[in-house]
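Observations on the model geometry
Next come the chains, spelled out residue by residue.
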Amino acid sequence: MPTATADDAAALARDFDLRHLSPEFYVNPYPVYHALRTYEPVKRMPDGSLFLTRFRDVQAVYRDPKTFSSDKTVEFRPKYGDSPLYAHHTTSLVFNDPPRHTRVRKLIAGALTARAIAAMEPALVRLVDGLLDAAAGRGRIDLIGEFASAIPVEIIGNLLDVPHAERAPLRDWSLAILGALEPSLTDAQFERGNRAVSEFVDYLRGLVARRRREPGDPQHDVLTRLIQGERGQNGESSEQLSEEELLQNCIFILNAGHETTTNLIGNGLVTLTEWPDQRAALLEEPALIESAVEECLRFESSNQLGNRMTTIDTEIGGMPVARGTPITLCIGAANRDPDQFPEPDSFDIRRAPNRHLAFGFGIHQCAGLSLARLEARIAIGRFVQRFPSYRLDGEPTRGGRVRFRGFASVPLLCR
Ligand code: HEM
């Protein structure tokens, strides 16, 4: 006989619909994810799409980009029509398949070199220490507004060398564009997202024109590298992004690195308040910061959902799936799958191995993961060492998004 709890879990799985989520889900989606994984791991939702929660199914889809396409030109038409949001998303490399994806990815990965990323560390340390000094002076901060979000805005701005005086609108543009990726959209969100793309494109057109006139050092300046493209043996440009690809992918890079990294830092520092023994372990052994960051990525994945579309009739986890079926990959659930992670609901900063899917997997795996890891290592590591007894100073407010999991504000006492 199933217990009442098992009945409840089966009902949670049966009634799950990504378009109609309860307020509790936003606070803690993991009981629902566990129920789905147990009772309906390949869940068909009312709109005909599938929602995957098992690690092995999510990874198998990531592994096979031919069968599971990232191209959104058809899927986004009804949602965005012929709008700036449509032009933006369908030109971003994350929403393209090979061969276009291969060419654009090579140029972007070639610009985000290990050398360009490593060169950012000293400025990052200065920035973080400055924010910590200000927090120490006040004794309390909003972890998100006054720390976690300030770091990626600055770092991604530095990456493309956006002049400081021009950075103010970047975060709002980014939030508006990413907000428009939510499963259901209000008219106001749609309008805000479109306005943000138009303003962002206009701004970048000017920035790119200035950089063409006065190129930066291509060793360190990612935008100059993106403009110049791949250099052939004689220094001539052999492969380049079109103007549209360049502008839309700069927006994408600026967006991809903002909210995700803010949420990694915010989620990580909040999680450490909930697991005092883990915080104590990190304080005692600061070298654990690298594996602690991996555990933060797994435990509260800041990017919870990914999407694909089947290009042929296929199967997932033994279930037949028709061509043209939209698939949602639940990274947050896969990263709590007990078949992959022993005691998945325990936060263990020493967890090894920890092959999570927080950055995706396969040909689209996050191109900015080294930068994200660097930012989190410096931000979380230095925060904990500076304020070993920091604690909540009131209720945090959730960001209210299902795709990007994080907080809008977190009042903290800095001690
Ligand atoms: C904690 C921070 C971050 C998380 C959790 C994250 C997560 C992800 C995930 C899950 C994907 C794969 C999407 C898919 O396959 O559908 C992705 C792709 C990507 N991310 Fe990140 N990301 C983070 C930070 C960054 C940063 C800082 C940058 C830029 C500097 C960046 C740039 C990109 C790019 C360019 C792609 C597209 C790669 C492709 O399609 O080939 N990300 N990211």
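What counts, and at which threshold
- Just so you know, the residues in each chain are numbered from 1, in the order the chain's sequence is written.
- Two thresholds apply to this predicted model, a pLDDT of at least 70 for residue-level local features and 80 or more for giving and counting side-chain atom pairs, whereas whole-chain, interface and lining totals are computed over all residues.
- Side-chain metrics in this entry use all non-hydrogen atoms of the structure; hydrogen atoms and water are not considered.
- Every helix listed is a DSSP run of H or I at least four residues long, and every strand listed is a run of E at least two residues long, numbered separately from the N terminus.
- Put simply, two rings from Phe, Tyr or Trp (the six-membered ring, in Trp's case) pair if the centres are within 6.5 Å, and we call them stacked under 30 degrees between planes, edge-to-face over 60, tilted for the rest.
- Each residue gets one of three labels from its accessible area relative to the maximum for its type: buried under 20%, exposed over 50%, partly exposed in between, using a 1.4 Å probe on protein chains only.
- Two cysteine sulfur atoms form a disulfide, by the criterion used here, when they sit within 2.5 Å.
- In this analysis, axes come from line fits to C-alpha atoms, helices being fitted only over the stretch in contact, and the angle between any two N-to-C directions falls in the range 0 to 180 degrees.
- Roughly parallel covers angles under 35 degrees, roughly antiparallel covers those over 145, roughly perpendicular covers 65 to 115, and oblique covers all other angles.
- Rotating anticlockwise by less than a right angle from the far helix to the near helix defines a left-handed crossing, while the corresponding clockwise rotation defines a right-handed one.
- When checking whether two residues touch, look at their non-hydrogen atoms; a contact exists if any pair is within 4.5 Å.
- Basically, the charged four are Asp, Glu, Lys and Arg, the nonpolar ten are Ala, Val, Leu, Ile, Met, Phe, Trp, Tyr, Cys and Pro, and anything else, Gly included, counts as polar.
- What makes two strands pair is DSSP finding at least two bridges between them.
- Near, as used in this document, describes a residue that has one of its heavy atoms within 4 Å of the molecule or strand being considered.
- N or O atoms within 3.5 Å of each other form a polar contact, as long as, within protein, one can give a hydrogen and the other can take it, and as long as residues adjacent in sequence are counted only when both atoms are side-chain atoms.
- By definition, a salt bridge exists where a carboxyl oxygen of Asp or Glu is found within 4 Å of a side-chain nitrogen of Lys or Arg.

So, on to unusual backbone geometry. In this structure, Pro99 follows Pro98 across a cis peptide bond, with omega equal to 5 degrees. Looking at the secondary structure, you find Pro99 in the loop between α6 (84-91) and α7 (100-111). In this model, Ala352 is joined to Pro353 through a cis peptide bond whose omega is -5 degrees. Within the secondary structure layout, Pro353 lies in the loop between α19 (331-334) and α20 (369-386). With a phi close to 55 degrees, Asp161 is a non-glycine residue in the positive phi region. In this fold, Asp161 is placed in the loop between α11 (150-159) and α12 (170-179). Its identity as a non-glycine residue notwithstanding, Glu343 has a phi of 45 degrees, on the positive side. Tracing the backbone shows Glu343 in the loop between α19 and α20.

Attention shifts here to the packing of aromatic side chains. For the structure shown, the criterion picks out 16 aromatic pairs. Ring plane angle 85 degrees and centroid distance 5.3 Å describe the contact between Phe76 and Phe95, whose orientation is recorded as edge-to-face. In this pair, Phe76 is assigned in helix α5 (residues 76-80) and Phe95 in the loop between α6 and α7, connecting sequence segments 19 residues apart. For the pair Phe76 and Phe95, a shared accessibility class is recorded, and that class is buried. Arranged with centres 5.1 Å apart and planes meeting at 90 degrees, the rings of Phe383 and Tyr390 form a pair that is edge-to-face. For Tyr390, a relative accessible area of 0% puts it in the buried group. The structure contains a cluster of three or more aromatic residues connected by ring pairs, namely Phe16, Phe25, Tyr26, Tyr30, Tyr33 and Phe51.

It is worth spelling out the state of the cysteines at this point. In total, this model carries 0 disulfides according to the counting rule given. The structure places no disulfide on Cys330, whose sulfur is separated from the nearest cysteine sulfur, that of Cys366, by 18 Å.

Relative orientation of the contacting elements α11 and α20 amounts to 140 degrees, with a least axis distance of 11 Å. Considered as vectors, α11 and α20 are oriented oblique to each other. Seen from above, α11 lies across α20 with right-handed handedness. Of α20, the residues touching α11 (which contributes Ile151, Pro152, Ile155, Ile156 and Leu159) are Leu371, Glu375 and Ala379. Classifying every residue of the contact of α11 with α20 by side-chain character gives 7 nonpolar, no polar and 1 charged.

A word on the sheet that holds strand β11 (residues 391-392). Within the open sheet, the 3 strands sit side by side as β4-β14-β11. Their pairing is antiparallel. The open sheet is flanked by β4 (140-142) and β11, the only strands paired with a single partner.

As a further point, take the site of the ligand. Looking at the ligand, there are 28 residues lining it, with His101, Arg105, Arg308, His364 and Cys366 nearest. Between the ligand and the protein, one listed contact pairs an oxygen atom with a side-chain N or O atom of Arg105 at 2.8 Å. Contact distances for the ligand include 2.6 Å between an oxygen atom and a side-chain N or O atom of His364. Of all the secondary structure elements, the ones that give two or more residues to the shell around the ligand are α7, α11, α15 (243-256), α16 (259-274) and α20. Take the shell around the ligand: its biggest share by element is 3 residues, from α16.

As enumerated under the stated definition, the model contains 26 salt bridges in all. A salt bridge links Asp133 to Arg386; its shortest N-O distance comes to 2.7 Å. Separated by 253 residues along the polypeptide, Asp133 in helix α9 (residues 121-138) and Arg386 in helix α20 bring together distant segments of the chain. Here Arg386 falls in the partly exposed class, since its relative accessible area comes to 34%. Across the pair Asp393 and Arg140 runs a salt bridge whose closest N-O atoms are separated by 2.9 Å. Here Asp393, found in the loop between β11 and β12 (397-398), pairs with Arg140, found in strand β4; they are 253 residues apart in sequence, far enough to count as distant. When its relative accessible area of 30% is taken as the criterion, Asp393 is described as partly exposed. On the basis of relative accessibility, which here comes to 46%, the residue Arg140 falls in the partly exposed class. If you follow the salt bridges from partner to partner, you end up with Arg100, Arg103, Glu239 and Glu245 in one network.

Looking now at α12. With 8 of 10 residues buried, α12 lies mostly within the body of the structure. Every buried residue of α12 is accounted for by Leu170, Trp173, Ser174, Leu175, Ala176, Ile177, Leu178 and Gly179. The secondary structure elements touched by the buried residues of α12 are α6, α13 (187-213), α15 and α16.

Moving on, we get to the pairing of strand β7 (residues 305-310). Of all 6 residues in β7, 6 are buried, a share of seventy percent or more. Along β7, one buried face is formed by Leu305, Asn307 and Met309 and the opposite face, lined by Gly306, Arg308 and Thr310, is buried too. Sheet topology note: the strand β3 (residues 68-69)/β7 ladder contains 2 bridges and is antiparallel. If you follow Ser69 over to β7, its bridge partner there is Met309. Across 5 bridges, the pairing between β7 and strand β10 (residues 326-330) is antiparallel. Paired with Gly306 across the strands is Leu329, a residue of β10.

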